[in-house]
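Geometric and topological summary
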Amino acid sequence: MASPAFPAAALACATTILLAVEEPLPAWIFPPPDGFTADDLDRIPELPRHTELIDGGLVFAGPQRAFHSLVVSLLNTALRHWVPKSLRVCRDMTVTLDRRNRPEPDLSVLRAEAVSAEGHETGYEAADVVLVVEAVSPDSEARDRKRKPQLYAEAGIPPFWLVEQGEGRRPVVQVFELNTVTRAYVPTGIYHERIKLPVPFTIDIDIDLTEIDQL
């Protein structure tokens, strides 16, 4: 008995899978013996957007949730309003902490002289950063809450803000300051509706977190 004809759709699918399997993997899939370095992020043009370097390994971003996008937009706008002219607010730019670590904070506040007029830079140095903000995402909870704060503190970045989702889509902001002796962060406050504090700037910050309801 003759075998039934192979369905055209199944044949096309099988061909696509075969081609995908046979297509060579990019070289950066295989890390070098000592891991990647901060400079490698600029030398590998095929890397996905928002790739970070943590402990010599490449870390890729997952799909972004609406809360994450909204709260980062809210804080970005508010910080731009409050920072003095000597500082700049940057979103989604990497910060080189050392040779093996180049994370990408959701927000960074930098010294103005670190930001070029041409805007050609692909990242900044830890010494130029006066505040980092991380909004916790489901795919990066451990990094946002543990490893990245450790690395920021060891690099000497003074304050750190960790943003979590509270009730509904209201943010909860935990503020930490750097103990310069231990090179570790200590908590200084948890803010649910407003952030009102005098650091890291020379003027008071007053950010209404409930404005997220209007976004």
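The structure reproduced in this document is the subject of the present report. Here the structure is a predicted model, which means the values were calculated and not measured. (Residues numbered from 1 in each chain as written. Predicted model: local features only at pLDDT ≥ 70, side-chain atom pairs only at ≥ 80, totals over all residues. Heavy atoms only, no water.)

1. A few points about the overall build of the chain
Counting its secondary structure elements, the chain contains four helices and twelve strands. Looking at the chain as a whole, 41% of its 215 residues qualify as buried. Intrachain contacts of the chain at a sequence separation of at least 6 include 52% that bridge at least 24 residues. (Helix = DSSP H or I, 4+ residues; strand = E, 2+ residues; numbered from the N terminus. Buried < 20%, exposed > 50% of the residue type's maximum accessible area, 1.4 Å probe, protein only. Contact = heavy atoms within 4.5 Å.)

2. Looking at the nonpolar core
One finds L75, L79, V109, W161, I195 and I207 to be the most contacted residues of the largest nonpolar core, which totals 29 residues. Those elements that provide at least two residues to this core are helix 3 (66-82), strand 3 (87-91), strand 5 (107-111), strand 7 (129-135), strand 8 (160-165), strand 9 (171-179), strand 11 (194-197) and strand 12 (205-208). Here this core takes eight residues from helix 3, the largest share from any one element. Once you skip the residues sitting within four places of it in the chain, L79 turns out to touch V89, L107, V109, L131, V133, W161, F201 and I207. Core analysis: the next-biggest nonpolar cluster, separate from the first, contains 21 residues, V59, V95, L97 and I157 among them. (Core = buried A, V, L, I, M, F, W, Y, C linked by side-chain atoms within 4.5 Å.)

3. Notes on unusual backbone geometry
In this model, D55 sits at a positive phi of 55°, which is unusual for a non-glycine residue. Note on placement: D55 falls in the loop between strand 1 (52-54) and strand 2 (57-59). Phi at D92 is positive, roughly 55°, even though this residue is not glycine. Among the secondary structure elements, D92 is positioned in the loop between strand 3 and strand 4 (94-96). You can call D92 partly exposed: its relative accessible area is 25%.

4. Focus: the pattern of salt bridges
Under the defined criterion, the tally for this structure stands at twelve salt bridges. The closest approach of N and O atoms between R91 and D92, which form a salt bridge, is 3.7 Å. Taking the shortest distance from any N to any O, the salt bridge between D206 and R194 comes out at 2.9 Å. One end of the pair, D206, is in strand 12; the other, R194, is in strand 11, with twelve residues separating them in the sequence. R194 sits in the partly exposed class, given a relative accessible area of 43%. Residues joined in a network through salt bridges with shared partners are R194, K196, D206 and D208. (Salt bridge = Lys/Arg side-chain N within 4 Å of Asp/Glu carboxyl O.)

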